[in-house]
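Listed below are the residues making up each chain.
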Amino acid sequence: MEDIQLIEKKIKKIPRKKIFSVESICAEYPVKTVKQVLSQLMKKQEIGTISHDLYFRPEKNLYFPDYPIPPSSEQIIRAVSKKTGELISVHGAVALNEIGFSTQVPLRVIYHTTGRSRYIKG
């Protein structure tokens with residue numbers, strides 16, 4: 001029981017919009033207990049999930065309290081790249097817009113990766 005409370009305190013100390021993994025918490029506690037606490041905090045919307053093993057503490061939304069604000073897509077991509085060791089880069093259309101060569105803005109951001117294809121919530 002003490003482990004659950006200590007894990008909750010550790011997670012609540014993580015800054016808002018910060019992405020973390022189960023391994024960063026599991027070093028001191030059993031994996032099963034950590035995942036149980038993460039599941040409970042997700043139900044309370046105190047944390048969100050990005051992928052199987054990446055979580056974040058959302059920022060509170062002042063106008064819509066039921067819809068927390070996730071981290072930016074750049075932060076998510078950096079965290080996925082760091083965790084998997086893949087090289088990830090933006091699609092050419094996004095790159096052209098970012099450097100000012102195009103005024104067209106893609107609706108969906110697409111990234112190219114050296115790893116497998118997948119969709120990431122963000």
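Scroll up to find the structure.
Because the structure is predicted, anything quoted here is derived from the model rather than measured. (Residues numbered from 1 in each chain as written. Predicted model: local features only at pLDDT ≥ 70, side-chain atom pairs only at ≥ 80, totals over all residues. Heavy atoms only, no water.)

Before going further, it helps to examine helix 4 (residues 73–84). With 12 residues, helix 4 extends 16 Å from end C-alpha to end C-alpha; this agrees with the ideal 16 Å at 1.5 Å per step. Along helix 4, the residues that are buried comprise Ile76, Ile77, Ala79 and Val80. Viewed along the axis of helix 4, the buried residues span an arc of 165 degrees, placing them on a single side of the element. Helix 4 presents Arg78 and Lys82 as exposed residues on the side facing more than 90 degrees away from its buried surface. Among the structural elements, strand 1 (19–21), strand 2 (48–51), strand 3 (54–56), strand 4 (88–90) and strand 5 (111–113) are those in contact with the buried residues of helix 4. (Helix = DSSP H or I, 4+ residues; strand = E, 2+ residues; numbered from the N terminus. Expected span 1.5 Å × (residues − 1). Buried < 20%, exposed > 50% of the residue type's maximum accessible area, 1.4 Å probe, protein only. Arc of directions from axis to C-beta. Contact = heavy atoms within 4.5 Å.)

This part takes up the nonpolar core. Formed by 15 residues in total, the largest nonpolar core has its most connected members in Ile7, Ile11, Phe20, Ile25, Val34, Leu38 and Ile47. Those elements giving two or more residues to this core turn out to be helix 1 (2–12), helix 2 (22–26) and helix 3 (31–43). Looking at which element gives the most residues to this core, the answer is helix 3, with 4 residues. With residues up to four places along the chain from it excluded, the contact list for Val34 reads Ile7, Val22, Ile25, Cys26 and Tyr29. Core analysis: the next-biggest nonpolar cluster, separate from the first, contains 7 residues, Ile19, Ile76, Ala79 and Val80 among them. (Core = buried A, V, L, I, M, F, W, Y, C linked by side-chain atoms within 4.5 Å.)

It is worth spelling out the pairing of strand 2 at this point. Pairing between strand 2 and strand 3: 3 bridges, direction antiparallel. Each bridged residue has a counterpart across the sheet, and for Gly48 the counterpart in strand 3 is Phe56. As consecutive antiparallel partners, strand 2 and strand 3 are separated by 2 residues. (Pairing = 2+ DSSP bridges.)

Paired through their backbone hydrogen bonds, the strands of a sheet run either parallel or antiparallel. The 3 strands lie next to each other as 1-3-2, forming an open sheet whose pairing is antiparallel. Strand pairing shows two members of the sheet lacking a second neighbour, strand 1 and strand 2, which therefore form its edges. Mean inter-strand twist for the sheet, computed between neighbouring axes without regard to direction, equals 35 degrees. Summarising the sheet, strand 1 and strand 3 pair through 3 bridges and their orientation is antiparallel. Bridge pairing in strand 3 links Ile19 to Phe56. (Axes fitted to C-alpha atoms, helices over the stretch in contact; angles between N-to-C directions.)

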